[in-house]
Structures are given as C-alpha cells and as structure tokens.
Amino acid sequence: MVKTKISSVKRIESSIYSLDNWLINKRYKAYDPFDGLNSKVRFLTFETRILRIFLENLIRRFPINLRPLLGVNPLFSTKGFGFIAKAYLNKYKITGKAKYLKKSRAFLNWLMINRSKGYSGPC
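Residues numbered from 1 in each chain as written. Predicted model: local features only at pLDDT ≥ 70, side-chain atom pairs only at ≥ 80, totals over all residues. Heavy atoms only, no water.

1. Regarding the overall build of the protein chain
The secondary structure content of the protein chain amounts to four helices and zero strands. Put simply, the protein chain runs from its N terminus to its C terminus through helices and strands in the order α-α-α-α. The C-alpha atoms of the protein chain give 19 Å as radius of gyration, which overshoots the globular expectation for 123 residues (14 Å, by more than 25%). Considered along the principal axes of its C-alpha atoms, the protein chain spans approximately 60 × 40 × 25 Å. Expressed as a percentage of its 123 residues, the buried residues of the protein chain come to 20%. Sequence-distant contacts, at least 24 apart, represent 55% of the contacts inside the protein chain between residues at least 6 apart. Carbon and sulfur atoms make up 64% of the accessible area of the protein chain, which totals about 9,800 Å². (Helix = DSSP H or I, 4+ residues; strand = E, 2+ residues; numbered from the N terminus. Rg over C-alpha atoms; globule rule 2.2 N^0.38 Å. Buried < 20%, exposed > 50% of the residue type's maximum accessible area, 1.4 Å probe, protein only. Contact = heavy atoms within 4.5 Å. Areas by Shrake-Rupley, 256 points an atom, 1.4 Å probe, with all protein chains shown as cover.)

So this is what it looks like as structure tokens:
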C-alpha cells in the first residue's frame, strides 16, 4: 500500500513537471478551441453570421489542425494564466519554494496589467 502511494505521488510529480516544461517550451501560448475567427482568411466570411460560424467550426472540429495553414497563431490565455497562477501558488504551498510564489505573482501581475478596460474592476 505504501509503495503504491509513493509510485502514485511520483507519477503525479512527473506529470506536473512535464506540464510545466511543456508550458515553458510553448512560452505559455496555445490555441484556443474558439480561435477560428482570428484566421487570416476571415475576410472570406464577408462578416456574415453563417460563414463566421462555418469558419469557426471548421477550424475547431476538423480532424487535422488547420490553424497553422489558415494563419491562426497561438496566443496567451487570460483564463489559462489564472489557472497557472493558482497552480504555482499550490506548488508554493506544498514545497515552500519561493520560485513558485515568484512565478505566480508574475502571472497575476500580467493579468492585472492586461485586464479588460472599461469595467469597474478586473474581470
């Protein structure tokens, strides 16, 4: 039983480490399921509702990633950054390592700097 718990903890730690490295290698940018309207071919929709819906769903549901071919670039995700900040805070609480607190603060600061304008507070 104890051996099983240890191996489970090691697998979890390995997964967290792998995810952290993946995020760093991608520079925290990724595609969004609904980023099809950022395509360079959006002009072909003539801004009609049905063609915009078609383009969005074509890019989102096509079995091959069309984003690079259609000029959709990976971007930062405010929602993702919120989750990443929380994850680094959790790692800080577990390990006590200041580097995780520093990373969390960096993401929270980015979110404050890049918040939506025109609202009474961050949103």
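2. A closer look at the side chain of Ser-39
By the element assignment, Ser-39 lies in the loop between helix H1 (2–25) and helix H2 (49–61). Residues within four places of Ser-39 in sequence aside, it is in contact with Leu-55, Ile-59, Leu-70, Gly-71 and Val-72.

3. Some points on the environment of Thr-95
Structurally, Thr-95 can be placed in helix H3 (residues 78–95). Using a relative accessible area of 38% as the deciding quantity, one classes Thr-95 as partly exposed.

4. Digging into H2
Spanning 13 residues, H2 covers 18 Å between terminal C-alpha atoms, matching the ideal 18 Å at 1.5 Å per step. Among all positions of H2, only Leu-55, Glu-56 and Ile-59 are buried. Around the axis of H2, the buried residues are gathered within 95° of arc, so they sit on the same side. Away from its buried face by more than 90 degrees, H2 exposes Arg-49, Ile-50, Phe-54 and Arg-61. (Expected span 1.5 Å × (residues − 1). Arc of directions from axis to C-beta.)

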